[in-house]
Amino acid sequence: MRRYTALLLLLSLLFLCGCGQKKAAETVFAMDTVMELTVWGSDAGNHVKAAVERIRELEAALSVTRADSELARLNAGETVALSADTESLLERSLALREETGGAFDPMIYPLVKLWGFTTGEYRVPAETEIAEMLAKVRTGTVELEDGMAAAHGAELDFGAVAKGYAGAVLAREMKAAGVESALLQLGGNVQTVGLKPDSSRWRVGIRDPWGGEDSYLGVLEVGETAVVTSGGYQRYFEEAGTRYCHILDPATGYPASSGLASVTIVAEDGFLADGLSTALYVMGLDAAAEFWRSRDDFEAVLVTDNGRIYVTGGLRDCFACEEFQVIER
Ligand code: ADP
Ligand code: MG
């Protein structure tokens, strides 16, 4: 009997170890970026496969450059019956535009195109062109009712929130399917599911805006969350010694130059983390700190152009870096 129990114990141990090590990973290019999806646990391969399919589905609905996407049809002036994803993104984006005082603006697309950030054919537009497109951004409207949407003089771009939204959707669906541990890297966005397979917290590096792809300013230790960074260094062009980045200030029509080099947002919700990383980058340090004080649904790491690092109060104990200042409530 004792031998039988020992054998059972050994077998279950072997089984447990085997499970713990089971892992599936895939790298995909989608939404104009490289994504790395890693899932641990039983059936990991199928969960990764389902995630890739889901990303493709979201991409097909949200791409501004594919003529047949829901978004492209909306931008072309059609009245479109939106999928649940696009409806949710549109609704939440319009709300976030209000909440951020317009620093995040999903109707910025005419300006994004004008500067060449959609095609990569960058150029500095004439002031008159910027004024014309700014007027369009300001006066355009979007109508949304019962899942039907129509844009009037407006063109939308979900580039600042699509990856964060995708991360949130994948995390929610993986959890519903029983996944206990996953790391979803969608370009500069990180979404975790559960804890690491060894039950410790995840370590997420904050990129050094002046360093290469593998150089980090600091490390965040987090549980299940979204960690999203927006930075001028991620996409930009230079002309006559001036750097023009892909995050535009809807107040001016020019690339944001608020004195920040990068903004990282830590939030339970990926959509919010992504939208706010863009919005706070536009706002600049002081307005971003004020905005944080007015809410309780996110934390942030802000890096200024002169290399100073500021961390909101909630992150003080989970951020490791040589030197940083804490923004208090
Ligand atoms: P990334 O996509 O590189 O991770 P962001 O999340 O900050 O960076 O999104 C930047 C993209 O969002 C731009 O490429 C553009 O398509 C769009 N965009 C630029 N400025 C704004 C803005 N102020 N509000 C909303 N979207 C913006
Ligand atoms: Mg963003």
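Reading the values: rules and limits
- Residues numbered from 1 in each chain as written.
- Chains lettered and ligands numbered in written order.
- Predicted model: local features only at pLDDT ≥ 70, side-chain atom pairs only at ≥ 80, totals over all residues.
- Heavy atoms only, no water.
- Axes fitted to C-alpha atoms, helices over the stretch in contact; angles between N-to-C directions.
- Helix = DSSP H or I, 4+ residues; strand = E, 2+ residues; numbered from the N terminus.
- Parallel < 35°, antiparallel > 145°, perpendicular 65-115°, else oblique.
- Contact = heavy atoms within 4.5 Å.
- Nonpolar A, V, L, I, M, F, W, Y, C, P; charged D, E, K, R; others polar.
- Core = buried A, V, L, I, M, F, W, Y, C linked by side-chain atoms within 4.5 Å.
- Buried < 20%, exposed > 50% of the residue type's maximum accessible area, 1.4 Å probe, protein only.
- Domains from an automatic or database assignment.
- Donors = N, O, S within 2.8 Å, 3.2 Å for Na, K, Ca; no water.
- Pairing = 2+ DSSP bridges.

*Asks:* How would you summarise the packing of helix H8 (residues 270-283) against helix H9 (residues 285-293) if you had to cite specific residues and measurements?
*Replies:* When two helices pack together, their arrangement is given by the angle between the helix axes and the distance between those axes. Interhelical geometry of H8 versus H9 gives an angle of 130° and a closest axis separation of 6 Å. What the angle tells us is that H8 and H9 run oblique. The segment H8 lies against H9, with Leu276, Leu280 and Met283 engaging Leu285, Ala287, Ala288 and Phe291. Classifying every residue of the contact of H8 with H9 by side-chain character gives 7 nonpolar, no polar and no charged.

*Asks:* Account for the nonpolar core, naming residues and giving values.
*Replies:* Counting residues in hydrophobic clusters, the biggest one holds 72 residues, and the most contacted among them are Phe158, Met174, Ile265, Leu276, Leu280, Phe298 and Leu302. Two domains each provide a minimum of three residues to this core, namely domain 1 (6-60 + 161-327) and domain 2 (64-152). Discounting residues that sit within four places of it in the chain, leucine 280 has contacts with Leu260, Val263, Ile265, Ala288, Phe291 and Phe298.

*Asks:* Explain the coordination of the magnesium ion (ligand 2) to me, using residue names and the numbers behind them.
*Replies:* Every protein donor of the magnesium ion (ligand 2) is accounted for by Ala160 (O), Asp274 (O), Asp274 (OD) and Thr278 (OG1), and the metal-donor separations fall at 2.2 to 2.6 Å. Each donor residue of the magnesium ion (ligand 2) belongs to the same chain, and together they define the spacing A-x113-D-x3-T. With aspartate 274 and threonine 278 both in helix H8, this residue pair falls 4 residues apart, about one helical turn. Judged by relative accessible area, aspartate 274 falls into the buried class, the value being 5%. By relative accessible area, threonine 278 is classed as buried at 12%.

*Asks:* Summarise the pairing of strand S5 (residues 148-152); cite the residues concerned and give the values.
*Replies:* Strand direction decides the pairing type here: strand S3 (residues 80-81) and S5, joined by 2 bridges, are antiparallel. Note that in S5 the partner of alanine 81 across the bridge is methionine 148. With 5 bridges connecting them, strand S4 (residues 141-145) and S5 associate as antiparallel partners. Its bridge partner lying in S5, threonine 141 is registered against histidine 152. Between the end of S4 and the start of S5, which pair antiparallel, lie 2 residues, with aspartate 146 showing a positive phi angle near 50°.

Purely geometric stuff here, so don't read any function into it on its own.
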